Each structure stands twice: as C-alpha cells, then as structure tokens.
Amino acid sequence: MTRTISILGSTGSVGKQALEVIDGLSEKFNVFALSAGRNIELLEQQITNYKPQVVSVATQKLAIELGRKIKNTEILWGQDGLKQIAGNSENDIVLIAVTGLNGLEPAISAIKNGIDIALANKETLVAAGNIVTRLSRENNTEIIPVDSEHSAIYQCIRRKDSSKINKIILTASGGPFRTSSIEEINNADIETTLAHPRWSMGDKITVDSATLMNKGLEVIEAHWLFGIDYNNIEVIIHPQSIVHGAVEFLDGSVISQIGLPSMHIPVQFALTYPEMFSGIKTNSFDLTEIAKLEFEKPDLKKFPCLELAYEAGKKGGTYPAVLNAVNEEAVYAFLQRKIKLTDIAQIVARVLDRHDVIENPSFDDILEVDKNSRELAVKKHLN
Ligand code: MN
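Residues numbered from 1 in each chain as written. Predicted model: local features only at pLDDT ≥ 70, side-chain atom pairs only at ≥ 80, totals over all residues. Heavy atoms only, no water.

K.L.:
Could you give an account of the coordination of the manganese ion, with specific residues and numbers?
P.N.:
For a metal bound by four donors in a tetrahedral arrangement, the ideal donor-metal-donor angle is 109.5 degrees, while six donors in an octahedral arrangement ideally sit at 90 or 180 degrees. All of the protein donors around the manganese ion are D147 (OD), E149 (OE) and E218 (OE); their distances to the metal are 2.1 to 2.2 Å. Within one chain, the residues serving as donors to the manganese ion are arranged as D-x1-E-x68-E. Taken together, the residues E149 in helix α7 (residues 148-157) and E218 in helix α11 (residues 213-226) connect sequence positions 69 residues apart. (Donors = N, O, S within 2.8 Å, 3.2 Å for Na, K, Ca; no water. Helix = DSSP H or I, 4+ residues; strand = E, 2+ residues; numbered from the N terminus.)

Now the structure itself:
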C-alpha cells in the first residue's frame, strides 16, 4: 500500500499526530498537500520534512510571507485553497482536521471528486450531516471517523447494517468538572477548564469537553455517520477513558472497542483503513494495571449543553447548525474572558429558541444560517 494523502490542519493537534503516524509508516504514505491556519513557522518545518507539492494557509498575506521563504511548493490560501487541495485527484485520502465549519467545503469537495475522507472535524457532520452523508453515498466514498468514540463504534460495526443495532453507547470522560458542584462550574476559570484529565487537544474542543457540548456534538455526528435514531444513542460518563464506545446488537450481544487513550490509534486506523500496520508503538495494554472501570449517567443539570445538543439533533433541519455556530462563538468569547463557562449553554439555548428552522437545508442555507446565528450571538450576547 502506498497512499497519497493531504492533511488539512497539519499544524493542529490531530494534524501533528497524523504526521507522527506517517513518520512511523513513511514508506506507506506520500504527502501531497498540507494546510495550516496561521502557524506558518511550523508549516515551514513540515514543508522541509514532508515535501508536499501544495500547501495552503489562512490568508493571502500569510501566503506571500511564506512564499518569501519557500520555493518549489505551490502556496494557496483561504477556503478556496482548502477546497482545491481536498478535491485534487492526486489524493487517495484527505484528512480533515481543521476546526469549525471550515471543514465543510473541503469535505464536500473531496467527496464530489470520489476521494475518501478521514474526518476529524465533527462540525462538518453536525451542521450538514444530511448533505455530506448523501453525497458520500452518491459518490461511493468512505467517511472514516477520526474522533476516538466514532472510530470505536465504526470498528465495532464494520459494515453491519444499522437495522441490526439496538443502540450505540458513546463514552465521555466527564472532563475537569465531573465531580464539581454547579457553583464551582459557574466560577470556573480558563486554566481549570483547559486542564483536561485524559486527552490533550486544541482549546476549542477542550472547552467543549468541559461543558459536555463535545459529547452532544458527537451524538449528532454519530447519528449521521451510523444512521442511528437519537433515542438509540446513549452517553455514559466513563472517567478512565478506556472504553471508547460500544454497540448493542439485536440479539443482545455488545461489542466494544477499548484501549489506552491515545489519538494515534484512531488516526492511524483511519489513515490505513481497511489495512492495519503496527506503526507507532503504544504502551502494552494491561487490564490489571487499569484495574477498575467506572460508568455513571451524565448529570444534565450540571451539563445542560448535552441536552441542548440532543434536542437540536432531534428537531433536525438547521437547528444543529445553529447549535454549532453559537457554541463556537460563545467558546471563543469564554476563551477571551468575555463570558462565564456556564453562559455558553444559556446563550446557545436563547438563540436556538428564536430560530426559524429550515427543514431540508441546502448547502447555501446552512452557510447562511451559520453566519446569521454567529452575528446574532455576538451582537446580542457576546459584546
Ligand atoms: Mn471524541
């Protein structure tokens, strides 16, 4: 196997881990393109190491700045750069590891050109799950999830049809406030919020993990990826993060995927699927060392974001796109110390309440709703 790959978001947390996976399997991969947002210093190092033919950065200004230092590599910028890279027929697979709705257009561009995607960007399916999954069926391409829980479910299900499934179980570590009181969560500072007990990730997703919005977005992501009704998707708090997901089948048997919490495993699974290689060595798995696995029901009073996501998912249409857009803006406002952590759920709930849903949104409807909800959230609640 030699696979030509592009990595969108190569300087982010998942992107860097993907390049580590490729380092361990360098004869198996040929890097066609990389993309970064603003971290062009790191991108420059990656260009030297991986010699991509094309790269893309956030803005034209950054592209010009990078062009002064880099020769022999085509430099693109903006959403258009991402779309051009993702849709290029050189690719066998494109890893989409950019944050937020920036992942949507490149995902569609790859799928329309018959290219498989490894999807680390959950916003794509949350906002436009109907469109992305329909296009993927029409173009006969695979969407291989990189999110650890969804990788787990994907591995449990393989190609079994969804009518054989009673329910799927997504686990959540519970984040830094699992045992905190509502009062403590109310007064949470950025430092505590960003100190995730199990996973090392980017800031946005780490805040989402602290509010359990991340799990809510994952419920919607799972609904689209696996075609499972919301009532049959269960979220369980599991502080050890060893059980990544489980599926209960018709006959009552339950299949689960377990392992040490490392993103290298789901990333490598997605990039090499359906093959499997040893790659990066993780510590050997020893159940006696883990000794104890705990599970509890999530406390929806402490973590209202989870319930908001279920509601938005069940109502469908453009509701999930609003949930995603407003949450993203609110998280950035929290990171800039403009609002409290607990304001995030309240602001999301208020904007959702006032939303006039579009039942079967087109791609343009989704972009429009995304933009309007962000503006409304910023104007009314985040100034
Ligand atoms: Mn996850």
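Picking up after the structure, the text goes on.
K.L.:
Would you mind going over the environment of A330 in detail, with residue names and values included?
P.N.:
One can find A330 in helix α15 (residues 319-335). What makes A330 buried here is its relative accessible area of 0%. Between the C-alpha atom of A330 and that of K122, which follows or precedes it by 208 residues, the distance is 17 Å. A330 has contacts with I339, I344 and L382, leaving out every residue within four places of it along the chain. (Buried < 20%, exposed > 50% of the residue type's maximum accessible area, 1.4 Å probe, protein only. Contact = heavy atoms within 4.5 Å.)

K.L.:
Before we move on, can you summarise the sheet that holds strand β3 (residues 54-57) with the specific residues and values?
P.N.:
Sheet architecture is open: 7 strands sit in the order β4-β3-β2-β1-β5-β6-β7, paired in parallel fashion. With partners counted over all chains shown, the strands left at the sheet margins are β4 (74-77) and β7 (143-145), one partner each. Averaged over neighbouring strand pairs, the angle between their axes works out to 25 degrees when direction is ignored. Both strand β1 (residues 3-8) and strand β2 (residues 29-35) contribute to a ladder of 6 bridges, which runs parallel. Bridge pairing links I5 to V31 in β2. Against the sheet, helix α2 (residues 40-50) makes contact with β2 and β3, and its axis sits at roughly 175 degrees relative to β3, the strand it touches most. (Pairing = 2+ DSSP bridges. Axes fitted to C-alpha atoms, helices over the stretch in contact; angles between N-to-C directions.)

K.L.:
Please set out the domain arrangement of the protein residue by residue, giving values where relevant.
P.N.:
The domain architecture assigned to the protein consists of domain 1 (3-145), domain 2 (155-262 + 287-314) and domain 3 (316-383). Using only C-alpha atoms to locate each centre, domain 1 and domain 2 end up separated by 27 Å. Each partner contributes to the interface: domain 1 provides 13 residues, whereas domain 2 provides 13 residues. Roughly 1100 Å² is buried in total at the junction of domain 1 and domain 2, and carbon and sulfur atoms are behind 65% of that figure. Of all residues in domain 1, K122, L125 and V126 give up the largest surface area on contact with domain 2, accounting jointly for 47% of the area buried on that side. Between the two partners, domain 1 and domain 2, sit 3 residue pairs in polar contact (both at pLDDT 80 or more). Among the secondary structure elements, those contributing two or more residues to the side of domain 1 that touches domain 2 are α1 (13-24), α6 (122-138) and β7. The element contributing the most residues to the side of domain 1 that touches domain 2 is α6, with 7 residues. In terms of residue class, the side of domain 1 that touches domain 2 is built from 4 nonpolar, 6 polar and 3 charged. (Domains from an automatic or database assignment. Buried area = accessible area lost by both parts, 1.4 Å probe. Polar contact = N/O pair within 3.5 Å; in protein donor to acceptor, adjacent residues only side chain to side chain. Nonpolar A, V, L, I, M, F, W, Y, C, P; charged D, E, K, R; others polar.)

K.L.:
Pulling in residues and values, what's your account of the packing of α11 against α15?
P.N.:
Where α11 contacts α15, the two axes come as close as 12 Å, and the packing angle between them is 155 degrees. Taken together, the axis directions place α11 and α15 in an arrangement best described as roughly antiparallel. α11 and α15 meet at a crossing whose hand is left-handed. Judged by residue contacts, M213, L217 and I220 of α11 engage P320, L323, N324 and N327 from α15. (Parallel < 35°, antiparallel > 145°, perpendicular 65-115°, else oblique. Left-handed = near helix turned anticlockwise from the far one by under 90°.)

K.L.:
Any details on helix α14 (residues 304-315)? Residues and values, ideally.
P.N.:
For α14, which comprises 12 residues, the first-to-last C-alpha distance of 17 Å matches the rise-based estimate of 16 Å (1.5 Å per residue) to within 8%. Listed as buried for α14 are C305, L306, L308, A309, Y310, A312 and G313. One or two positions beyond α14, positive phi appears at G316, with a value near 70 degrees. (Expected span 1.5 Å × (residues − 1).)

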